Structures are given as C-alpha cells and as structure tokens.
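Spelled out from the first residue to the last, the chains are:
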Amino acid sequence: MPSWYDLAVDKRQRQSETIPSQWRIQLPPESALNVIPYPETCGLLTPEEIEITNASVEILLLKLAAGKWSSFVVTTAFYKRAVVSHQLVNCLTEIFVERALARATELDEYMKKTGKVAGPLHGLPISLKDQLCIKGLETTMGYVSWIGKYAKSNAVLVDILYECGAVPFVRTNVPQTLMWGETFNNIFGRTSNPHNRSLTSGGSSGGEGALLALKGSPLGVGSDIGGSIRDPAALCGVYGLRPSYGRIPYGGAVNSMEGQDSMPSVLGPLSGSVGGLKIFMEAVINTEPWLRDPLTVRKHWNDEEYKLADHGRGKDLCFAIMWDDGVVIPHPPVKRALEMTKKALIKAGHKVIDWTPLKHRELSEVAFDIWRSGSVEDFAVTTSATGEPLIHTMLPDDKKETFLPSLRTQTGLTAYQLWQVQRYRRDLRAEYMAHWNATSSQTGTGRPVDAIICPAKPYAAPPHGRNRSYGYTVVWNVLDYTASVFPVTSVDPHQDTKLPPHEFIDAFDQEIYELYEPQAFQNAPVCLQLVGRTLEEEAVLAMTEIVDLALKG
C-alpha cells in the first residue's frame, strides 16, 4: 500500500490536473501580501466577467431570471475567478469544471424551453465546504485516509441546492479534523488570507472565507461547531450565519466526531452580502428539508419573524454591546469597530446599552469538555488507516508550540462524566436565558434586548498558527443562539495603535495582548457578530441588515 505521503502527493497532482491550462496565471511574488485586486488585474477575466463576479447574489439572480446573463456565462466567470483565487491562496479541494458547466447548460436549456427559472437559485454558482458530498467525487475533509472514497450519493443539502436551480461548482479547503481555527492539512496544505497572505484565513471553513473574499464565489456553504463559519467570515471580511441546530439539513455530509450530538455542528451560508445569506436560508427552508433529514427542525420560513414582529417591527430596537467577554480583552481595531457600530445605531434612532457577559469562561469550558470526551479516539481511528500523522500545531515554521490543543492530547470522559457536563450546560442555558430576559428593565422598549453585538474574535486575522481564542464564538454554540457576522472596517495602523498594557485577566489574556502589532495586521478586515436567540434566523438576518445599513450611512 502506498504511504500516506505518496497518497497525498498523488491527490494534489490529480487536483492540479483539473485546472484548465488556459486559466493558469502568472503569480505575484510571495512578497505581495494583499492579493485582493489580483483577480481583476491578472488579465484572465473579461470586463463582463469582472462585472458578473462583482455583482451581489440579488443582482445575479435577477439577471439570470431575466435572461440577461446565462448560467453558463455566470458559472464560467466565477469558475475562472475561483481558479485564480486558488492559485493565489490555495483555497480549493475539488475542481470539476465540466460537470458544473454541463449543469449550467442544462439550466439555460430549461429556461429557453419553458421561459421559467428552475428554482429560487436558478443558475447561481455555489461553493461548498469539503464536507458536503457530491455523488462521484472524493470528500477527504483534509484526511489522507479518506482519499479514494467516492460519494455514492449527494448530501441532502446538495440535492436541495440542485432542486433550487443552483450550480455547485467547487469545494473548499479545511483543516485536518476540522477542529482548528486555521485551514491546513496534509493533503492540500495551507489556505492564506487574501487581504494579507501572512495572516490566517481562519477555520475550519477557511477555504470558503478566502474564496468569498476574492469574489471567487457569490455564495458558499460552511459548517460551524464552535465558530467555523463565523471565524473565517470575520477574518476574511465577508458575511456569515451560524443557524441554530437543525435549521439546515446536515444529512449525508461527512463530519468530525460523528455521533457527538450534545452540541452538534450546523451548516450555514457565507456571502458577500446579508441578502445572499437570506436568499440561501429562505430557499433551503422552503423545500421543507425536515422531510428528508430527520434531524432537521420542522420550522417553515417565517416572514413575520423576518419583519421583526417580535422586535417592535424593527423600530426603536435596543441592541446590547458586549465590549469584552471577561476572558480576553479585544485588540484596538475590534474596539474601534464596536464604537463605530454603536455610533451608527444611535444615529439611526436605535438604543444601545452595554451587555454584561455571564459565565463565558464556563461556557467555553463546557464546549471543550464535550468535544474531548471522544476526540482523541476519533482522530486516532480516522488517521490510523494510512498512518497519517495527526497535526498538533498550525504554526508554519515548526517553532515550539506553546498552545497544547487538548482535543488531541487529553483523555476522554466516562459516560457519567459527560452526563454531568451536559447537565451543567443545561443549567447554564437556563441561567443565560434568565439573564437575557432580565434586560427588559433596561431597554425602555418593554422587551428584553433585541440582539447582542460583540466581537467575533478578539483580534483581526492573526499570523498563521496564532488563531487561538475561540470564546467569542463558541459560547453561542453552547447556548444554541443564532449568530451572524458582518464587516465593519479594517486594521489601520495609524488609528489602531497598540495600547499600554491593561490589568491582565490571566496569562492567556496577556498572550493575546502581546500578539497585537499594528503593522503585522495591516489590511486585515474587522468584523463583528450579531447574536439573537435560538432559531431566530429570520430576525437575526433582518437585524443584521439594519446594522449593516446603519454602518453604511
């Protein structure tokens, strides 16, 4: 049997051969850190293709439905830009041009014949994280041991996207095991942040985040168990949504730690606009996915909730800003983004109060206790088939690792110990709900706080291997609160100077403080998070639109 290394080399070679030779570009020097402009200046895309790939999901669907742009033309444009993006930041895993263009042609012929669109996503190219199985393609999920495993059927969500008229066209890179805030594995290597290639794109949907940032896809699907949609969305400067458990069907997708259902992973969208997130959610939910996946929640898309029927119809909203979580103090650019958002919301006529975090350290610890109950064994079993080494650090230079990832080193829990963790989590959820409800005495609206606005990370995209703080996202997974990410600004070394040391909460807070050097983070996007309650996807999207509009003035 070939060694794990030989299997990985062969897979990379096969991937390389799927890139059309005419789409290969002359690469910028490695010293060119910001490659965001490059897809439009490399000479491969025509003026029309540049126009198409700069269009929002809303505009794309309108022009596709009107027949002004064919699906073949739109898919070709995004495919070329995706392949350029891949050559710049290494964001793709599966490239299947002929299959996608055949699908686009089929949709164009359907429209020509019937005069109708095939569905609400007619002709739209959609990128997929390398968990979503497509019949006939390998889904390695960053594991050498899964090379050669070809899917016998589509994931439920993939079938739904096809039925909605979409064109799945690429799959995107992930870290080995998925359980990292960086995207690197032994098959495809590392994905970089296109705003600054010395920085991470985040994880585990880091391939999606980087691709969306380069406009190589109008709409992508990621997964999130502790922040894996929101982390790369925030670090790459795009919009993302973490729905509550079961709102989007997961059936037929591959995953890490399968069988762990105390705190499930969820699938959700990333896009260049809030509207793209809404279009995805509404289209998928309207297919009644609970009839195809028994773990999907039976909840129809609710226009009244989207019109904020439970939130004063969107007038005089009260947002609460969480300036820090009591565990890690955010860097200056993140503080500035919070201040900008507060100012914009007050100017738009909304009320803003402060949010007091409740037991965020304990909530994070619950997540890691649940995961490590079986993670070491899960990872060992999966990698044992080929003897592939388990990755223990995301640092690119093999320096001594100071951060010991407990999911790979600590022994698991007994069933009884896990039950106690789950019971404690239940009690924390009840406490947090009461804490939120009690804010009705502070809002002046007669309602509790409508949504929390907080950092998605305590920093902008950090250097490779240094994305180690997950508390600002994982707590909402533990609580199962719906949460979105939206862009606000980018790091400006002149405005975002390093502050004098504060009174550190602990050694980890000090480590995060010392990580910040303004020049190292230059050009990195700064995004924030908007958090609603469980299964409030419609309201969270609507309130994110309100915040986004306020920020854009």
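Keep in mind that this is a model prediction, so the values were computed, not measured.

**Student:** Please give an account of the layout of surface pockets that cites residues and values.
**Tutor:** As a volume, the second largest pocket reaches approximately 440 Å³. Lining the second largest pocket are 21 residues, and of these Tyr250, Asn255, Pro264, Ser265 and Leu295 sit closest to its centre. When its residues are assigned to classes, the lining of the second largest pocket shows nine nonpolar, nine polar and three charged.

**Student:** An account of the pairing of strand 12 (residues 351-354) is needed here, citing residue identities and associated values.
**Tutor:** Sheet analysis places strand 11 (residues 318-321) next to strand 12, joined by four bridges and oriented parallel. Looking across to strand 12, one finds that Phe319 is bridged to Val352. The handedness of the strand 11 to strand 12 crossover, carried by helix 12 (residues 332-347), is right-handed.

**Student:** Summarise unusual backbone geometry; cite the residues concerned and give the values.
**Tutor:** Of note, the bond from Gly203 into Ser204 is cis; its omega dihedral lies within 30 degrees of zero at 5°. Relative to the elements of secondary structure, Ser204 occurs in the loop between strand 7 (196-200) and helix 8 (206-213). Despite not being glycine, Lys359 shows a phi value in the positive range, around 55°. Residue position: Lys359 is located in the loop between strand 12 and helix 13 (360-372). Lys359 sits in the partly exposed class, given a relative accessible area of 32%.

**Student:** Account for the packing of aromatic side chains, with residues named and values stated.
**Tutor:** Going through the model one piece at a time under the given rule, you end up with 15 aromatic pairs. A centroid spacing of 6.0 Å and a plane angle of 85° characterise the contact between Tyr432 and Trp476, whose relative ring orientation is edge-to-face. With Tyr432 in helix 16 (residues 415-437) and Trp476 in helix 18 (residues 471-479), this pair connects stretches of sequence that are 44 residues apart. Its relative accessible area of 0% is what places Trp476 among the buried residues. Among the aromatic side chains, those forming a connected cluster through ring pairs are Trp355, Tyr432, Trp436, Trp476 and Tyr481.

**Student:** Can you lay out the environment of Glu94 for me, pointing to particular residues and giving the numbers?
**Tutor:** Inspection of the secondary structure assignment puts Glu94 in strand 1 (residues 92-95). Judged by relative accessible area, Glu94 falls into the buried class, the value being 7%. Residues Glu94 and Lys129, spaced 35 residues apart in sequence, show a C-alpha to C-alpha distance of 9.8 Å. If near-sequence neighbours (up to four positions away) are discounted, Glu94 is found in contact with Lys11, Asp130, Glu138, Val170 and Arg171. One polar contact links Glu94 to Lys11, side chain to side chain, over a distance of 2.8 Å.

**Student:** With reference to specific residues and values, describe the side chain of Thr172.
**Tutor:** By secondary structure assignment, the location of Thr172 is in strand 3 (residues 167-172). In contact with Thr172, other than residues within four places in its own chain, are Cys91, Leu92, Thr93, Ser127, Leu128, Lys129, Asp130, Gly207, Glu208 and Leu211.

**Student:** Explain the sheet that holds strand 9 (residues 239-242) to me, using residue names and the numbers behind them.
**Tutor:** With mixed pairing, 11 strands are arranged side by side in an open sheet as 1-3-2-8-10-9-14-15-13-11-12. Since the sheet does not close on itself, it has two edges, and those belong to strand 1 and strand 12, each with one partner. Adjacent strand axes in the sheet meet at a mean angle of 30° when their direction is disregarded. Pairing of strand 8 (residues 219-224) with strand 10 (residues 266-271) involves six bridges; the strand directions are antiparallel.

Reading the values: the criteria
- Residues numbered from 1 in each chain as written.
- Predicted model: local features only at pLDDT ≥ 70, side-chain atom pairs only at ≥ 80, totals over all residues.
- Heavy atoms only, no water.
- 1 Å grid on protein atoms, 1.4 Å probe; cavity = no way out; pocket = protein on both sides within 12 Å on 5 of 7 lines; lining within 4 Å.
- Points joined across faces, edges and corners; volume = space filled by probe spheres on them.
- Nonpolar A, V, L, I, M, F, W, Y, C, P; charged D, E, K, R; others polar.
- Pairing = 2+ DSSP bridges.
- Helix = DSSP H or I, 4+ residues; strand = E, 2+ residues; numbered from the N terminus.
- Right-handed = clockwise from strand over helix to strand, strands pointing away.
- Buried < 20%, exposed > 50% of the residue type's maximum accessible area, 1.4 Å probe, protein only.
- Phe/Tyr/Trp six-rings, centres within 6.5 Å; stacked < 30°, edge-to-face > 60°.
- Contact = heavy atoms within 4.5 Å.
- Polar contact = N/O pair within 3.5 Å; in protein donor to acceptor, adjacent residues only side chain to side chain.
- Axes fitted to C-alpha atoms, helices over the stretch in contact; angles between N-to-C directions.

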